[in-house]
Each structure stands twice: as structure tokens, then as C-alpha cells.
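# Analysis of the macromolecular model
Given next are the chains, with one letter for each unit.
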Amino acid sequence: MKLSFRPYLRYKFFNALFTGMVGGSVFTIYATLSPSTFSVGGILLAMGMMGMAYVYHRLMNLRTFFRFTLATELIMLLMVGYYLLFSTHIMSALVIYVAYQFSFIFGGYLVRAETHFARHARVMGWIDVAKQQGSLAGLALSYGFYKLIEHYGITKAAEQVYDLHFVLFALECLIIVALLRAFRGK
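The model shown is predicted, which means the values in this text are computed figures rather than measured ones. (Residues numbered from 1 in each chain as written. Predicted model: local features only at pLDDT ≥ 70, side-chain atom pairs only at ≥ 80, totals over all residues. Heavy atoms only, no water.)

### A short note on the overall build of the chain
For the chain, the helix and strand inventory stands at eight helices and two strands. Sequence-ordered secondary structure for the chain, helices as α and strands as β, is β-α-α-α-α-α-α-α-α-β. The C-alpha radius of gyration computed for the chain amounts to 17 Å, which stays within 12% of the reference 16 Å derived for 186 residues, consistent with globular compactness. Over its C-alpha atoms, taken along the principal directions, the chain stretches across nearly 50 × 35 × 25 Å. Long-range pairs, those at least 24 residues apart, make up 85% of the contacts in the chain with a sequence separation of at least 6. For the chain, the computed accessible surface area is about 10,500 Å², with 68% contributed by carbon and sulfur atoms. (Helix = DSSP H or I, 4+ residues; strand = E, 2+ residues; numbered from the N terminus. Rg over C-alpha atoms; globule rule 2.2 N^0.38 Å. Contact = heavy atoms within 4.5 Å. Areas by Shrake-Rupley, 256 points an atom, 1.4 Å probe, with all protein chains shown as cover.)

### Examining the pattern of salt bridges
Evaluation of the coordinates by the stated rule reveals four salt bridges. Salt bridges sharing partners connect three or more residues here, namely Lys12, Glu114, Asp128 and Lys131. (Salt bridge = Lys/Arg side-chain N within 4 Å of Asp/Glu carboxyl O.)

### Regarding the packing of helix α7 (residues 121-151) against helix α8 (residues 157-182)
In the contact formed by α7 and α8, the axes pass within 10 Å of each other and the chain directions differ by 120 degrees. One finds that α7 runs oblique with respect to α8. Crossing handedness for the pair α7 and α8: right-handed. Residues Phe145, Tyr146, Ile149 and Glu150 of α7 form the contact with α8, whose own contacting residues are Gln160, Val161, Asp163, Leu164 and Val167. Split by residue class, the contact of α7 with α8 holds six nonpolar, one polar and two charged. (Axes fitted to C-alpha atoms, helices over the stretch in contact; angles between N-to-C directions. Parallel < 35°, antiparallel > 145°, perpendicular 65-115°, else oblique. Left-handed = near helix turned anticlockwise from the far one by under 90°. Nonpolar A, V, L, I, M, F, W, Y, C, P; charged D, E, K, R; others polar.)

### Concerning α7
Over its 31 residues, α7 extends 45 Å from the first C-alpha to the last, a length consistent with the 45 Å expected when each residue adds 1.5 Å. Contacts from the buried residues of α7 go to α1 (5-22), α2 (25-29), α6 (90-118) and α8. Taken from the residues just after α7, Gly153 is the one with a positive phi, measuring 90 degrees. (Expected span 1.5 Å × (residues − 1).)

### Comments concerning the side chain of Thr69
Note that Thr69 resides in helix α5 (residues 62-86). The exposure class of Thr69 is buried, given its relative accessible area of 3%. If near-sequence neighbours (up to four positions away) are discounted, Thr69 is found in contact with Tyr11, Leu110 and Leu179. (Buried < 20%, exposed > 50% of the residue type's maximum accessible area, 1.4 Å probe, protein only.)

### A closer look at the packing of α5 against α6
Between α5 and α6, the shortest axis-to-axis distance is 9 Å and the interhelical angle comes to 160 degrees. Between α5 and α6, the crossing angle belongs to the class labelled roughly antiparallel. Crossing of α5 against α6: the hand is left-handed. Considering only residue class, the contact of α5 with α6 consists of 21 nonpolar, five polar and one charged.

Listed below in C-alpha cells is the structure:
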């Protein structure tokens, strides 16, 4: 398996674009959750990340890095799809919270592995620039999206967040395609 640098930068840009776009929506989605949920979730997140750290030595190869990256993106796609189907259910907030916690558990490893495979400060800098550009673009796009649909009379936060998830679903599909293009078999 080989990692193609330019396609990987595109993947990182779109991945960060997603993160930037979805950022504010979680506050609306999580509004129904009890504060104690976040304490329990934080404990489980820390334990999960610690468990991953214990097996880093077994996971530091490109094929595993690809699999965990793809698994994280598939979790995000399923989460967005679930929200589109069941947004009005209280369970949706919990499902989305758990999905994000899993992605954060994998994310700790993914950041370490990405640094391991990038190997050069200049390459890591390009990756971080692509991530920040994507994040800024995502924040600006979500702001523009919310203002646009407000113009058309959609002013309730829950409705706005729901509508945004249609865009996020399409974006997540694009992210998965970009990821698959970044990793090629030999």
C-alpha cells in the first residue's frame, strides 16, 4: 500500500471542511443530553485512547493506518445518515455523541500515525495547513449556509442543523472517495 501525498492533502482538506461545518451543530444536537453524559463519555474516551496507545507498536503500518482512517470516515457517514433518519429521537444525540467519541479514540492514533508516516517537518506543515484551510472554509460555509436558510425562513436551530446534515452526508461521501484515492495498493 502506498500513500499519495497530494490526494492525501485533498483528503485532509475535505476532512477538516467537514469538521468545520459540523462544529457548531453538535451544541444543538447535544442539548438533550445530561451533563453527566459528558463526564462518563470523557472517562470512556480517555480509557479508549489509553488502550489504543498500548497497542501503537502493532498499529504503526500504512495498511492499519488506512483501515482506521476509513473506519473513522465510515462511522461519520453512518452517524450523519442516522441523524437524517432519526433526528427527532432523543437517542440520536446519544448515538452521535458515541460516534464522535469513537472517532476521537481512533483520532489519537491517527494523528500519531500521520506524524510517523509524514516523517518530515515540511510535510507535516503542509498537512496542518490543509487542515486549517479546510476548517476555516467549513466554518465559513456553515455560517453562509445558516444565513442562507434563515433568509428562506428556516430559523429554528434544530431545523437548520438537520438541513446542514444533507450537505454533510454528501461531503462525507466525497471525503471517502478522496481517502480511497490517497491510498493505493502497490
